Amino acid sequence: MTQKNETPVLILSLLITAALLAAGGWWVFSRFSPGGGLPTIGNPSTSETSSTSTPGATNVPVKERLSTGDRLLIQDGSSPDKQAGVEAIASSDFSQAVTSLEAALKANPNDPETLIYLNNARIGTGQSYTIAVAVPTATAANSASEILRGVAQAQQEVNQAGGINGTPLKVMIANDDNQPDVAKQVASALVDDSSVLGVIGHFGSEATLAAAPIYEQGQLVMISPTSTSIELSKQGDYVFRTVPSDRLTAAALARYMLNTLQKQTAVVYFNSNSSYSNSLKDEFSTALATEGGQVLTEFDLSTPNFDAAATLKQATQQNAEVLVLLANTATLDEALQIVAANRGQLPLLGGDSIYNSKTLQVGGTAAQGMVVAVPWVLLSNPQAPFVRNSRRLWGGDVNWRTAMSYDAAQVLIAGLKQDPSRAGLDQALRSPGFSVNGATGTVRFLQSGDRNQPMQLVVVERGNRSGYGFDFVPTR
């Protein structure tokens, strides 16, 4: 049988495997994946990515996309107590809201939307400083929850400590569906709301790039915890991020290929329709060439009727030594077809969107040994204060998206302590001496608004933390 004829069988095998594992492991996705820094609640970011998305209702009025507790934005798993709490906030019955939301949180302690609304209800009509977090609550609830956990934890900690110079922090959640057009609407609404002093978001690079000019024109600070495209570095004085850019991811992967694997030639798989994927692909090619390596061919995972076996045959004919998977989540399934078809023959490297529970679940043995670059991994410092506190608060391990979101919130809190105004916040963050200790180390910004922090590498190995027989663990 030829390699081309094997493709349908490989795809069918992947689908069958996913279905069988999902039947017995759905509960893992309903809570935290126990792997060190694994996507939680069943995720996939990318910095960019999310779990398999469902179509968003892009015609939803923007005012119905914003909530400080008067409406649910994450519908899955909503309990009667949570619904009652939201209704109480909507009617300004904050005492009842606190009672109902405390009951909801006791029943489901790892729900960050509930904790945020509870913290907001405790403030009631009192004075507060408001920040917003823009996430795809409808189209990628898992990833949205991962980001919200970081923000909720920071809000909980600062309010329990007495607030920002005595004033509590309120958090507004904004649903942008991770769609550029919707992100623009949300950004405009947040700029127009004078109570919002800073924004955490958006999720994917496409949405963040679409919204960035609006924040810049409106002079409202935006900090993305998950968008990695290098294009974000050019968006102006009010745009920041706590996640390292694709340039650092690419450099880490190229160095590992050349210095550790001692390989010189690679083929790259990417999605031509993704700003994130294109950015990472270009940066990797440049980094590899600069150090004496070479990308032989680029394969577009978004090509109709993508044929994994055919591309591997071509890579082999060209004497490729490494396969580099720079997919976004939309093309993760195609990337996993490469993993399956490769059967462990050529070394595999991956961008941060490959850091996904599905990679362990579906990739299995074929993914063993694959090295992936991520901004932060829990197992690199499992006794850090943030890790201990997050475990106590959420009842399990969190991943890098939560850590980077926590850092973004800590940045806004530190800036507001210096000056609780939009202009003052931006000046504080751009001050040469500005820094804050976060979950992932010291956070400070370059003039571009980028964070200068190296990426970490993890490898797929056999283990039992994830529940799938394989884990992402730090490289040794």
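Predicted model, so just to flag it, every value in this text is computed and none were measured. (Residues numbered from 1 in each chain as written. Predicted model: local features only at pLDDT ≥ 70, side-chain atom pairs only at ≥ 80, totals over all residues. Heavy atoms only, no water.)

1. A closer look at the overall build of the protein chain
In step 1: Of the regular secondary structure elements, the protein chain holds 15 helices and 15 strands.
In step 2: For the protein chain, the proportion of its 476 residues judged to be buried stands at 59%.
In step 3: Entry remark: accessible area of the protein chain is about 17900 Å², with carbon and sulfur atoms responsible for 49%. (Helix = DSSP H or I, 4+ residues; strand = E, 2+ residues; numbered from the N terminus. Buried < 20%, exposed > 50% of the residue type's maximum accessible area, 1.4 Å probe, protein only. Areas by Shrake-Rupley, 256 points an atom, 1.4 Å probe, with all protein chains shown as cover.)

2. Some details on the sheet that holds strand 10 (residues 348-350)
In step 1: If you trace the 7 strands from one edge of the open sheet to the other, you get 8-7-9-10-11-14-15, paired in mixed fashion. For this open sheet the edge positions go to strand 8 (294-300) and strand 15 (470-474), each flanked by a neighbour on one side alone. Neighbouring strand axes in the sheet, compared pairwise and without regard to direction, differ in orientation by 25° on average.
In step 2: Of the pairings in the sheet, the one linking strand 9 (residues 322-326) to strand 10 comprises 3 bridges and is parallel in character. What sits directly across from Leu 325, in strand 10, is Gly 350. (Pairing = 2+ DSSP bridges. Axes fitted to C-alpha atoms, helices over the stretch in contact; angles between N-to-C directions.)

3. A short note on helix 4 (residues 112-123)
In step 1: Here helix 4 contains 12 residues, and its C-alpha end-to-end distance of 17 Å stays within 8% of the 16 Å for a straight helix at 1.5 Å per residue.
In step 2: For helix 4, a buried count of 11 out of 12 residues is recorded, marking the element as mostly surrounded by other parts of the structure.
In step 3: Looking only at helix 4, the buried set comprises Pro 112, Glu 113, Thr 114, Leu 115, Ile 116, Tyr 117, Leu 118, Asn 119, Asn 120, Ala 121 and Ile 123.
In step 4: Of the surrounding secondary structure, the elements contacted by the buried residues of helix 4 are strand 1 (66-67), helix 2 (80-90), helix 3 (94-107), helix 5 (141-160), strand 3 (169-175) and helix 13 (385-394). (Expected span 1.5 Å × (residues − 1). Contact = heavy atoms within 4.5 Å.)

4. Let's talk about the sheet that holds strand 1
In step 1: With respect to topology, 6 strands assemble into an open sheet ordered 1-3-2-4-5-6, the strand pairing being mixed. At either margin of the open sheet sits one strand with a lone partner, and together these are strand 1 and strand 6 (239-241).
In step 2: Pairing analysis gives 4 bridges linking strand 2 (residues 129-135) to strand 4 (residues 196-200), with the strands arranged parallel. Counted as the bridge partner of Ala 132 is Val 199 from strand 4.
In step 3: Against the sheet, helix 5 contacts strand 2, strand 3 and strand 4, and its axis sits at roughly 170° relative to strand 3.
In step 4: Helix 6 (residues 180-192) contacts strand 1, strand 2, strand 3 and strand 4 of the sheet and is inclined by roughly 150° relative to strand 3.

5. Brief notes about the pairing of strand 15
In step 1: The element strand 15 is largely enclosed, with a buried count of 4 among its 5 residues.
In step 2: Sheet topology note: the strand 14 (residues 456-462)/strand 15 ladder contains 5 bridges and is antiparallel. Bridging from a neighbouring strand, Val 460 pairs with Phe 472 of strand 15.

6. Topic: the nonpolar core
In step 1: Core analysis: the biggest nonpolar cluster contains 99 residues, and Tyr 117, Val 133, Tyr 269, Leu 325, Met 370, Trp 376 and Leu 429 have the highest contact counts within it.
In step 2: If we ignore the near neighbours within four places in the chain, the residues touching Met 370 are Leu 325, Val 339, Leu 348, Leu 349, Ile 354, Thr 359, Val 458, Val 459 and Val 460.
In step 3: Listed in part, the 25 residues of the second largest apolar core include Leu 280, Leu 288, Val 295 and Val 322. (Core = buried A, V, L, I, M, F, W, Y, C linked by side-chain atoms within 4.5 Å.)

7. With respect to the packing of helix 3 against helix 4
In step 1: At a closest axis distance of 9 Å, the pairing of helix 3 and helix 4 adopts a crossing angle of 155°. With respect to each other, helix 3 and helix 4 are oriented roughly antiparallel. As for how helix 3 packs across helix 4, the hand of that crossing is left-handed. On helix 4, the residues touching Phe 94, Ala 97, Val 98, Leu 101, Glu 102, Ala 104 and Leu 105 of helix 3 are Thr 114, Leu 115, Tyr 117, Leu 118, Ala 121 and Arg 122.
In step 2: The residue makeup of the contact of helix 3 with helix 4, split by class, is 10 nonpolar, 1 polar and 2 charged. (Parallel < 35°, antiparallel > 145°, perpendicular 65-115°, else oblique. Left-handed = near helix turned anticlockwise from the far one by under 90°. Nonpolar A, V, L, I, M, F, W, Y, C, P; charged D, E, K, R; others polar.)

8. Section: the confidence of the model for the protein chain
In step 1: Mean pLDDT over the protein chain works out to 89, with 88% of the residues at or above the 70 mark.
In step 2: When the criterion is pLDDT under 50, residues 1-56 qualifies, and its contacts beyond four places in sequence or with other chains add up to 172 contacts. (pLDDT = per-residue confidence, 0-100.)

9. Comments concerning the environment of Asn 319
In step 1: Here Asn 319 is to be found in the loop between helix 10 (308-317) and strand 9.
In step 2: Owing to a relative accessible area of 58%, Asn 319 belongs among the exposed residues under this scheme.
In step 3: Separated by 54 residues in the primary sequence, Asn 319 and Thr 265 have C-alpha atoms spaced 7.8 Å apart.
In step 4: Residue contacts for Asn 319: discarding those within four places in its chain leaves Thr 265 and Leu 296.

10. As for the side chain of Ser 279
In step 1: Along the polypeptide, Ser 279 turns up in helix 9 (residues 275-290).
In step 2: Take Ser 279: its relative accessible area is 7%, and that puts it in the buried class.
In step 3: For Ser 279, the residues in contact, after removing those within four places along its chain, are Ser 229, Ile 230 and Asp 246.

11. Structural notes on helix 10
In step 1: What helix 10 keeps buried is the set Ala 308, Ala 309, Thr 311, Leu 312 and Ala 315. Buried residues of helix 10 fall within an arc of 160° about the axis and therefore sit on the same side.
In step 2: The distance from a side-chain oxygen at the start of helix 10 to the backbone nitrogen of Ala 309 is 3.2 Å, and the residue carrying that oxygen is Asp 307.
In step 3: Where helix 10 terminates, the next one or two residues include Asn 319, which has phi positive at roughly 65°. (Arc of directions from axis to C-beta. Polar contact = N/O pair within 3.5 Å; in protein donor to acceptor, adjacent residues only side chain to side chain.)

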